[in-house]
Amino acid sequence: MLFLAAQGKLGALLAVLPFLVWYGASAEFYSSIHAMSRVFGYEQQMLQHMQKFIADNESKLDFLRARLDEFERERNEAQQWGVAYFKSPLNKYLLSKRLTRDWQHIANLMAAATGKKPLVRLQRLRQQEHMPNAQELEGAIDGLLRLQSIYRLQTSHVAAGILDGVPYGTQLNAQHCLDIAQQALRDEHLQLAHAWLLEANSRLSNSDQARLQPLILAQLGQVKARLTHIAGVNGTLQSLKELEPGSERYINNYKDFQPPSDELNPVEEHPPLPENLTELSEFDLYRYTCNGHIKPTPAELRQLRCGYMTETHPFLLLAPLKVEELSHDPLLVLYHDVIYQSEIDTLAKLTKNKIHRATVTGNNASVVSNARTSQFTFIPKTRHKVLRTIDQRVADMTDLNMVFAEDHQLANYGIGGHYAQHMDWFSPNAFETKQVANSEMGNRIATVLFYLTDVEQGGGTAFPVLKQLLKPKKYAAAFWYNLHASGAGDVRTMHGACPIIVGSKWVLNRWIREFVQSDRRPCYLWDDSQVRLNQLLELNESQIE
Ligand SMILES: O=C(O)CCC(=O)C(=O)O
Ligand SMILES: [Fe+2]
């Protein structure tokens, strides 16, 4: 189980709530490429069943068409005979046969549920695990809006398949843009709704113009009216009326609707970049670190070094660890090339079919939350020798005792998958309410986060207070202390996994607990644990360029 650390105003709920308000629906589908490739395979089978359904129905229709021709031919012949036709006992037989046995056969055939088998199979596939449902469709749109908001992606680019400057060739049509706009509107992202409606309007094809444009314009009028500082609501309503007289029926509560007078301010898709960080919510701090707005100054960067580490094990004299400093206090470093491909392959085998949608623990039970859209599994080190080898390396990297380390956690993030800002350490409240598994091992003194994949775009690990964004680099591992020397949780370690724009991210978490480390970790004689996050940010106020 995982817990969001809670302490005072940095509590779990505060960390999660703003996010839940922003992105209300639960969503699983987009959180794993693994699941997506599975259902992509199911879709292939669904198409085959559909083909079979069509083929069965086509052969039934071919058969019926042939019978129809035959019956018509027989009738035409009969008509040529005139009344004489009814005198022949042979014809009496043929007519009777047609109207009884033949027609019964035809009626049975027409009534038969042709293609039932492929239909049943198709329906069974739709029930498969990982098949997206309506809620997950919402989640996929949520994920897209989240990417847009975090990375400040321009709507016209996204609709044209350009993600953060890279073209992918997928185009959205007017209906897609309208669907996204409607969800943005429902969730009160008015600026984004506005941008998606404009995009829908500009992407109308001749064939869907009549069907979609009145709705698009009506919604655009409403959004503009709600964003009262913007221009053009009256113009939009005018176009709507010209397009379709009586079109006010598209506007909810039209009678109460008071179009404001037009003003000339343009609509920004995204809020302006903040200059003062002290006022930002924790989510915004995370967001602005993910998109690179919060970053260290050159002066701060000059304090940081890279080098080879040889101290913790004699073997390191032969093969020193490559370390990159990212923060001195609290310590955050990145080790390069500390896991082998063969080990990653074994980890992949051990996790096959085992990962589940991540939960976070708030006050009560673990819940699937949009603060964390990834999938994970825990594997005890007894399961495989490789896990113990990795732990020995972690001990060399950290100089910490691995006896009290949690099970290996492997997590996968798919497109849009993320984990909003949080601390890895457990709050005192989590201990009091017995939410901490193996509490006798103490709190999470340190984290080692192995990157098992590169990620094409996005997916960094953001440390807003330390102003660091770690881009996932295959074979590397981040290491940081979560606790002050006093044992108190360090709020400056607040971090989060930024959403993936393109790619898939696998990580291995090693959470090391605090007991049995007393001879390992150097103790400070002073306790800086009382320093509050806001004070720290004020201290750091200079930093954005
Ligand atoms: O995947 C990442 O970049 C961070 C993951 C993380 O913070 C966690 O699992 O606690
Ligand atoms: Fe974490």
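Residues numbered from 1 in each chain as written. Chains lettered and ligands numbered in written order. Predicted model: local features only at pLDDT ≥ 70, side-chain atom pairs only at ≥ 80, totals over all residues.

Caption draft 1: Spotlight on the UniProt feature "coiled-coil region" (unreviewed entry) in the chain. Here, UniProt's "coiled-coil region" (unreviewed entry) annotation points to residues 54–81. Note that residues 54–81 is 100% helix and 0% strand, and that its end C-alpha atoms are spaced 40 Å apart. (UniProt positions renumbered as here; feature names shortened; annotations may be inferred. Helix = DSSP H or I, 4+ residues; strand = E, 2+ residues; numbered from the N terminus.)

Caption draft 2: Quick peek at the domain arrangement of the chain. For the chain, the assigned domains read domain 1 (8–28 + 295–521), domain 2 (38–126) and domain 3 (153–256). Relative to domain 3, the C-alpha centre of domain 2 lies at a distance of 47 Å. (Domains from an automatic or database assignment.)

Caption draft 3: Representation of the sheet that holds strand β14 (residues 461–463) in the model. The sheet built from 4 strands is open, its strands ordered β11-β17-β14-β15 with antiparallel pairing. Pairing within the sheet leaves two strands with one partner each, and these edge strands are β11 (419–422) and β15 (468–470). Put simply, the sheet's adjacent strands are angled 10 degrees from each other on average, direction ignored. Two elements, β14 and strand β17 (residues 495–497), share 2 bridges in a ladder whose sense is antiparallel. By the bridge assignment for β17, Thr-461 is matched with Ala-497. Sheet contacts for helix α11 (residues 282–290): β11, β14, β15 and β17; angle to β11, the most-contacted strand, approximately 120 degrees. (Pairing = 2+ DSSP bridges. Axes fitted to C-alpha atoms, helices over the stretch in contact; angles between N-to-C directions. Contact = placed C-beta atoms within 7 Å.)

Caption draft 4: Examining the site of ligand 1 more closely. The environment of ligand 1 is made up of Ala-411, Tyr-419, Asp-424, Leu-449, Thr-461, His-495, Ala-497, Val-507 and Asn-509. Sorting the residues of the shell around ligand 1 by element identifies β17 and β19 (505–513) as the ones contributing at least two each. (Near = placed C-beta within 6 Å.)

Caption draft 5: Spotlight on the nonpolar core. Counting residues in hydrophobic clusters, the biggest one holds 99 residues, and the most contacted among them are Cys-177, Ala-181, Trp-196, Tyr-335, Phe-450, Ala-477 and Phe-479. Here this core spans two domains, since at least three of its residues come from each of domain 1 (8–28 + 295–521) and domain 3 (153–256). For Ala-181, the residues in contact, after removing those within four places along its chain, are Ala-193, Trp-196, Leu-197, Ala-200 and Gln-219. (Core = buried A, V, L, I, M, F, W, Y, C linked by C-beta atoms within 7 Å. Buried ≥ 20, exposed ≤ 12 C-beta atoms within 10 Å, placed from the backbone.)

Caption draft 6: Expanded view of the UniProt feature "domain: Fe2OG dioxygenase" (unreviewed entry) in the chain. As recorded in UniProt, the sites labelled "domain: Fe2OG dioxygenase" (unreviewed entry) are residues 399–514. Note that residues 399–514 is 4% helix and 40% strand, and that its end C-alpha atoms are spaced 13 Å apart.

Caption draft 7: Layout of the packing of helix α5 (residues 134–151) against helix α7 (residues 174–186). Relative orientation of the contacting elements α5 and α7 amounts to 80 degrees, with a least axis distance of 10 Å. Taken together, the axes of α5 and α7 are roughly perpendicular relative to one another. Here α5 contributes Glu-138, Ile-141, Leu-144 and Leu-145 to the contact with α7, which in turn contributes Ile-180, Gln-183 and Ala-184. (Parallel < 35°, antiparallel > 145°, perpendicular 65-115°, else oblique.)

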